[in-house]
Amino acid sequence: SEDKNKDEISRHRKEGWLETVFIIEALATDKTSLEDVLKQHIEKLSKAKDVFVYERIFHETLSISDPTPQIKEGFSQIAEVKLFVKTFYSLMSVVIVYGPSSIEIIGPTQKEIKIDEIQNTMNLVAGLIHEFAAAGVGGVVITPK
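Residues numbered from 1 in each chain as written. Predicted model: local features only at pLDDT ≥ 70, side-chain atom pairs only at ≥ 80, totals over all residues. Heavy atoms only, no water.

### A few points about the overall build of the protein chain
Helix and strand counts for the protein chain come out as four helices and five strands. From first element to last, N terminus to C terminus, the protein chain shows the α and β order α-β-α-β-β-β-α-β-α. Structurally, the protein chain occupies a C-alpha span of about 55 × 50 × 25 Å along its principal axes. Classification of the 145 residues of the protein chain by burial places 28% in the buried group. (Helix = DSSP H or I, 4+ residues; strand = E, 2+ residues; numbered from the N terminus. Buried < 20%, exposed > 50% of the residue type's maximum accessible area, 1.4 Å probe, protein only.)

What follows is the structure, encoded as structure tokens:
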């Protein structure tokens, strides 16, 4: 209900959760599949730990010519998702898993982060970089002088 939503929004702001807007853009060759999968993706995001999604706006699906060299015609849809995330670590995790095209942090204007949260976040990023390197799609190259 709308009142429950307002109460949750107020509570999360009071508790200092990070209020954000995710812009998620999806591309596919089938319009119906694109729209269904994007809705499922955002529904899954809304069930993630330490996440509270309070608004979803799905923009019109557009037909796109030559979106990639391999695809002659495709469809693109953008969704704006307003949400709260409990910690910086949680924010980093959902960004990695749900891949928004852009993120805006609405509030709070300041946030104190404990050193263990920074450490856990950096280890998450380091692990991701190593996964990319192991997959052969990136990583850090160390070269002698």
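### What about the packing of aromatic side chains?
Taken as a whole and assessed by the stated rule, the structure comprises two aromatic pairs. Here the aromatic rings of Tyr54 and Phe84 are separated by 5.3 Å at their centres, their planes lie at 40 degrees, and the arrangement is tilted. Of the two residues, Tyr54 is situated in strand β2 (residues 51–58) and Phe84 in strand β4 (residues 71–85); the sequence distance between them amounts to 30 residues. Side by side, Tyr54 and Phe84 carry an identical accessibility label, which is buried. Clustering of aromatic rings is evident, with ring pairs tying together Phe52, Tyr54 and Phe84. The ring of Phe58 has Lys39 sitting right over it, with the charged end atom 5.7 Å from the ring centre. (Phe/Tyr/Trp six-rings, centres within 6.5 Å; stacked < 30°, edge-to-face > 60°. Lys NZ or Arg CZ within 6 Å of the ring centre and 35° of its normal.)

### Notes on the nonpolar core
The biggest cluster of nonpolar side chains holds 19 residues, and the ones touching the most others in it are Phe22, Leu45, Val51, Val81, Leu83 and Val94. Elements that contribute at least two residues to this core include exactly β1 (18–28), α2 (31–46), β2, β4 and α3 (88–98). The greatest single-element share of this core, amounting to five residues, is contributed by β4. Ignoring any residue separated from it by four or fewer positions in sequence, one finds Val81 in contact with Thr20, Val21, Phe22, Ile24, Ile42, Leu45, Val53 and Glu55. Residues Ile9, Trp17, Phe52 and Phe84 belong to the second largest nonpolar core, which totals five residues. (Core = buried A, V, L, I, M, F, W, Y, C linked by side-chain atoms within 4.5 Å. Contact = heavy atoms within 4.5 Å.)

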